[in-house]
Amino acid sequence: MMQVPILLDRRARVPLHRQIYDRWREGILSGRFAAGTRVPSTRDLAAMLSVARATVTTAYDQLTAEGYLESAHGSGTFVSRALPDQPATRIRVAADPEHPPRVRLSRFAARLEAAYSRPDPDHATATIDLSKHSPDVDQFPLRAWRRLILRHVKAIASPGWDAADRGAGHEGLRREIAAYVRRARAVRCEPSQVVVVNGSQQALDLCARVLIDAGDVAAIEDPCYPGARQLFAAHGARLHPVPVERDGIAVSRLPERARLVFVTPSHQLPTGVSMSLAKRLALLAWARERGVVVIEDDYDSEYRYGGEPVPALQGLSDAASVVYVGTFSNVMFPGLRIGYLVAPPALVEPITSARWHADRRSAVLEQAALADFLREGHFERHVRRMRRLYGRRRDVLTSALTEVLGDEVSISCDGVGMFVVVRFSSERVAARARRQGVRLNSTARYYLGEAPPHEYVLRFSGVGERTLREGVRRLAAVR
Ligand SMILES: Cc1ncc(COP(=O)(O)O)c(C=O)c1O
């Protein structure tokens, strides 16, 4: 029989049976206790360690259940004979945390690594953040939301509450989304075309999964929302950047062959332009002729300050070639992570299956509450209120910029969305911003081609009027 140098720490908070288990497990995995070795009986080990026999029995039972020990009837207990050769196990246990073994990644993962953008170091030091796209969560009607969540928490036990939806989303929510986008965005759809997702980003990912094979061409706006561009690149798409003109993507410069084209027609990110009707019709005709799918990302179209929002591109189409993508996170609160897509009928099944394989479906509680939030009118009331509030903030920001910076700034103000685009006359303004703790978002990261110099996206939706004024004041030179 082996000598068992097990040291127990009687003052530790770890129970003695757990300590015995741990020592055996380590000894066996490291190869110190070889396969097939007989181990002391529970009675002997209890005596050696001066502990109750039941303590040892508990440890042995666990080790046996996990396959470290085996007992041969009548002849004792042994280190399991089925354990792999010692050298391999030693490597596993002795792995140096500083130098983990190399894992061979897929091509997808390698492309992800290249596309992923690191957080910028200025972020932590900024005290006024004009770069963050966030709604003003303090204005969110929390009481109504809490009431609806509670209503559905209470209903959890009722039959059919958690009815399986095979990935397309909560039935009631799909109906409400279809009604909302028909009403507010002139999208042509049936509830069966709506797929509920975890934010717009998942909608884009699902489109990429079902439309792109490595090497396929994806036409994108240049400049383009990096979250979309990097995602398509990670899926192996060959990106074909198409310039954005004053009235939207240059349709005449779209590539002959593409699998999809990604556009933000209501409010192009980051130029802020809205796509003209002529361009919309030309784009749809181009896509239909070639069987290309248009992905319409309608990210912040709810907010048009001088009138009704411009209807969605999808509503002009025969609905066969446009995937319309929207989100609730930017209107309600970012942590909600609920968005949706409206797919042409032929794409609903593949997208839903892709969703099912990725992560099944979204959490039901929030979906059920959101269905009521829409049905009872809270959502659209909130949008109307925020439109007034954000409109004021946008005015405060733009007039402060003009007042304080004069001819050091030119502003493209297009009356839509949650940001304005500004161009400074030199890099001096941004340098002052950095020194004064004001965080700005350069448009450079949106461009594949050369970006215009000193151009920034300023986001005002999550920042109060006083802070906006203060932020702009800090951009001014000390006179
Ligand atoms: C144009 C655009 N599309 C999609 C997204 C992603 O939206 P979500 O947070 O719903 O995934 C963003 C986020 O900033 C965006 O700006």
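Since the model is a prediction, treat every value here as computed from it, not as a measurement. (Residues numbered from 1 in each chain as written. Predicted model: local features only at pLDDT ≥ 70, side-chain atom pairs only at ≥ 80, totals over all residues. Heavy atoms only, no water.)

A. Representation of the overall build of the protein within the structure. Counting secondary structure elements, the protein contains 15 helices and 17 strands. In terms of overall dimensions, the protein is more spread out than a globule: its C-alpha atoms have a radius of gyration of 30 Å, far above the 23 Å expected for 479 residues. If you line up the protein on its principal axes, its C-alpha atoms span 90 × 60 × 50 Å. Within the protein, the proportion of its 479 residues that are buried is 50%. Taking contacts inside the protein between residues at least 6 apart in sequence as the whole, the part at least 24 apart equals 72%. Surface summary for the protein: the accessible area is close to 23,800 Å², and the carbon and sulfur share equals 52%. Between the centroid of the 69 positive side chains of the protein and the centroid of its 53 negative side chains there is a distance of 4 Å. (Helix = DSSP H or I, 4+ residues; strand = E, 2+ residues; numbered from the N terminus. Rg over C-alpha atoms; globule rule 2.2 N^0.38 Å. Buried < 20%, exposed > 50% of the residue type's maximum accessible area, 1.4 Å probe, protein only. Contact = heavy atoms within 4.5 Å. Areas by Shrake-Rupley, 256 points an atom, 1.4 Å probe, with all protein chains shown as cover. Lys, Arg positive; Asp, Glu negative; His and termini not counted. Charge placed at Lys NZ, Arg CZ, Asp CG, Glu CD.)

B. How the structure looks around the site of the ligand. Near the ligand, the surroundings consist of His-133, Gly-199, Ser-200, Gln-201, Tyr-225, Leu-269, Asp-297, Tyr-299, Thr-327, Ser-329 and Arg-337. A distance of 2.9 Å separates an oxygen atom of the ligand from a polar backbone atom of Gln-201. Within the side chain of Asp-297, an N or O atom sits 2.5 Å from a nitrogen atom of the ligand. Residues that form the shell around the ligand fall into these classes: three nonpolar, six polar and two charged. (Near = heavy atom within 4 Å. Polar contact = N/O pair within 3.5 Å; in protein donor to acceptor, adjacent residues only side chain to side chain. Nonpolar A, V, L, I, M, F, W, Y, C, P; charged D, E, K, R; others polar.)

C. Just empty space enclosed by the protein, in detail. Using the criterion set out here, one finds one cavity of 30 Å³ or more in the structure. As a volume, the largest cavity reaches approximately 40 Å³. Lining the largest cavity are Arg-185, Ser-266, Ser-274, Ser-301, Arg-304, Pro-309, Val-310 and Val-416. Here the lining of the largest cavity is built from residues that sort into three nonpolar, three polar and two charged. (1 Å grid on protein atoms, 1.4 Å probe; cavity = no way out; pocket = protein on both sides within 12 Å on 5 of 7 lines; lining within 4 Å. Points joined across faces, edges and corners; volume = space filled by probe spheres on them.)

D. Up close: the packing of aromatic side chains. Summed over the entire model, instances satisfying the criterion amount to 15 aromatic pairs. Both rings, one in Phe-140 and one in Trp-145, keep their centres 6.2 Å apart while their planes meet at 70°; by these two values the pair is edge-to-face. The class of Phe-140 is buried, set by a relative accessible area of 6%. According to the relative accessible area criterion, Trp-145 is buried, its value standing at 7%. Taken together, a centroid distance of 5.5 Å and an interplanar angle of 90° make the contact between Trp-145 and Phe-373 edge-to-face. Here Trp-145 is found in helix H6 (residues 142–154), whereas its partner Phe-373 is found in helix H12 (residues 364–375), with 228 residues between them in sequence. Each member of the aromatic cluster is reached from another via a ring pair, and the members are Tyr-180, Tyr-324, Phe-328, Tyr-340 and Phe-379. Here the basic side chain of Arg-81 rests over the ring of Phe-78, its NZ or CZ set 5.1 Å away from the ring centre. Sitting over the face of the ring of Tyr-446, Arg-445 holds its NZ or CZ atom 5.1 Å from the ring centroid. (Phe/Tyr/Trp six-rings, centres within 6.5 Å; stacked < 30°, edge-to-face > 60°. Lys NZ or Arg CZ within 6 Å of the ring centre and 35° of its normal.)

E. Local environment of the layout of surface pockets. In this structure, the second largest pocket encloses a volume near 330 Å³. Lining the second largest pocket are 17 residues, and of these Arg-246, Thr-271, Gly-272, Val-273 and Ser-412 sit closest to its centre. The class makeup of the residues in the lining of the second largest pocket is seven nonpolar, four polar and six charged.

F. Broad picture of the side chain of Glu-176. With respect to the element layout, Glu-176 can be found in helix H7 (residues 171–185). No salt bridge is formed by the buried Glu-176; its nearest oppositely charged neighbour, Arg-375, is found at 4.2 Å. Excluding its chain neighbours within four sequence positions, the residues that come into contact with Glu-176 are Ala-371, Leu-374 and Arg-375. (Salt bridge = Lys/Arg side-chain N within 4 Å of Asp/Glu carboxyl O.)

G. Layout of the sheet that holds strand S12 (residues 339–342). The mixed open sheet is built from eight strands, whose spatial order is S5-S12-S11-S10-S9-S6-S7-S8. Looking at the sheet topology across the chains shown, the edges are occupied by strand S5 (194–197) and strand S8 (248–249). Bridge analysis of S5 against S12 gives four bridges, and the strand direction is antiparallel. Across the sheet, Val-197 pairs through a bridge with Gly-339, a residue of S12. Contacts between H7 and the sheet are confined to S5, strand S11 (322–327) and S12, with S5 contributing the most and set at about 110° to the helix. (Pairing = 2+ DSSP bridges. Axes fitted to C-alpha atoms, helices over the stretch in contact; angles between N-to-C directions.)

H. Representation of the sheet that holds strand S1 (residues 38–39). In spatial order, the strands read S1-S3-S2; together these three strands make up an open sheet with antiparallel pairing. Across the chains shown, the open sheet's two edge strands, defined by having one partner strand only, are S1 and strand S2 (69–72).

I. Up close: the nonpolar core. Of all hydrophobic cores here, the largest spans 58 residues; its most connected members are Phe-328 and Met-332. Other than its neighbours up to four places away in sequence, Phe-328 contacts Ile-177, Phe-333, Leu-336, Ile-338, Gly-339, Tyr-340, Leu-370, Leu-374 and Phe-379. Core analysis: the next-biggest nonpolar cluster, separate from the first, contains 28 residues, Leu-204, Leu-231, Phe-262 and Val-323 among them. (Core = buried A, V, L, I, M, F, W, Y, C linked by side-chain atoms within 4.5 Å.)

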